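Fold and geometry: a report
The residues making up each chain are set out below.
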Amino acid sequence: MAHDPRTGHGVLDETRQKTREPIRYQVTLLNDDYTTMEFVVQVLESVFDKSPAEAYGIMMRVHTEGRGRCGAYTHEIAETKVAATRALAARAGFPLQAILEEE
Ligand code: TYC
């Protein structure tokens, strides 16, 4: 602790050291043979806030490599995005799956 030269009182001058970065969770999209490419691009744009070009790139990566990263989020946000993806896919009748992985 430093001391204010005018008052002699202690001054807190340390930055907080106990806060930690929250654990982030990776949301990964899995390939399947039935979901249309167009639908996957729509999900990446609407749920994961990707630009059309980014969404197309991620979709093609999943299509060719079997899986692909959509982004890293706090646990609550990642869970929400996984649930939103499942709900949209179920409503459209596609088996598209997103999974959550600790980074
Ligand atoms: N493989 C699908 C097709 O050929 C497209 C697709 C891409 C599906 C990504 C799911 O996460 C996925 N229609």
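You'll find the structure just up there.
Residues numbered from 1 in each chain as written. Predicted model: local features only at pLDDT ≥ 70, side-chain atom pairs only at ≥ 80, totals over all residues. Heavy atoms only, no water.

Let us now look at the site of the ligand. Around the ligand sit Leu29, Leu30, Asn31, Asp32, Thr35, Met37, Val40, Met59, Val62, His63 and Leu96, and those are all the residues in its vicinity. In this structure, asparagine 31 approaches the ligand through a side-chain N or O atom, which is 2.8 Å from a nitrogen atom. Here threonine 35 contributes a backbone N or O atom positioned 2.9 Å from a nitrogen atom of the ligand. Look at the ligand: alone it shows 350 Å² of surface, and the protein chains cover 89% of it. Secondary structure elements with two or more residues in the shell around the ligand: β3 (25–30), α1 (37–46) and α2 (52–65). Broken down by element, the shell around the ligand gets its largest block of residues, 3 residues, from α2. When the residues that make up the shell around the ligand are grouped by side-chain class, the tally is 7 nonpolar, 3 polar and 1 charged. (Near = heavy atom within 4 Å. Polar contact = N/O pair within 3.5 Å; in protein donor to acceptor, adjacent residues only side chain to side chain. Areas by Shrake-Rupley, 256 points an atom, 1.4 Å probe, with all protein chains shown as cover. Helix = DSSP H or I, 4+ residues; strand = E, 2+ residues; numbered from the N terminus. Nonpolar A, V, L, I, M, F, W, Y, C, P; charged D, E, K, R; others polar.)

If you walk across this open sheet you meet the 3 strands as β4-β3-β5, and the pairing is antiparallel. Across the chains shown, the open sheet's two edge strands, defined by having one partner strand only, are β4 (67–73) and β5 (97–102). Averaged over all pairs of adjacent strands, the angle between strand axes in this sheet comes to 30 degrees, irrespective of strand direction. Pairing geometry for β3 and β4, over 6 bridges, is antiparallel. Looking at β4, one finds that valine 27 is bridged to glycine 71. (Pairing = 2+ DSSP bridges. Axes fitted to C-alpha atoms, helices over the stretch in contact; angles between N-to-C directions.)

What follows concerns the nonpolar core. Most often, soluble globular proteins keep nonpolar side chains buried together rather than apart. Val27, Leu29, Val40, Val43, Leu44, Phe48 and Leu96 are the most contacted members of the largest nonpolar core, which totals 21 residues. Among the elements of the structure, β3, α1, α2, β4 and α3 (75–92) are those that each provide at least two residues to this core. It is α1 that provides the largest number of residues to this core, a total of 5 residues. Residues within four places of valine 40 in sequence aside, it is in contact with Leu29, Thr35, Met59 and Leu96. (Core = buried A, V, L, I, M, F, W, Y, C linked by side-chain atoms within 4.5 Å. Buried < 20%, exposed > 50% of the residue type's maximum accessible area, 1.4 Å probe, protein only. Contact = heavy atoms within 4.5 Å.)

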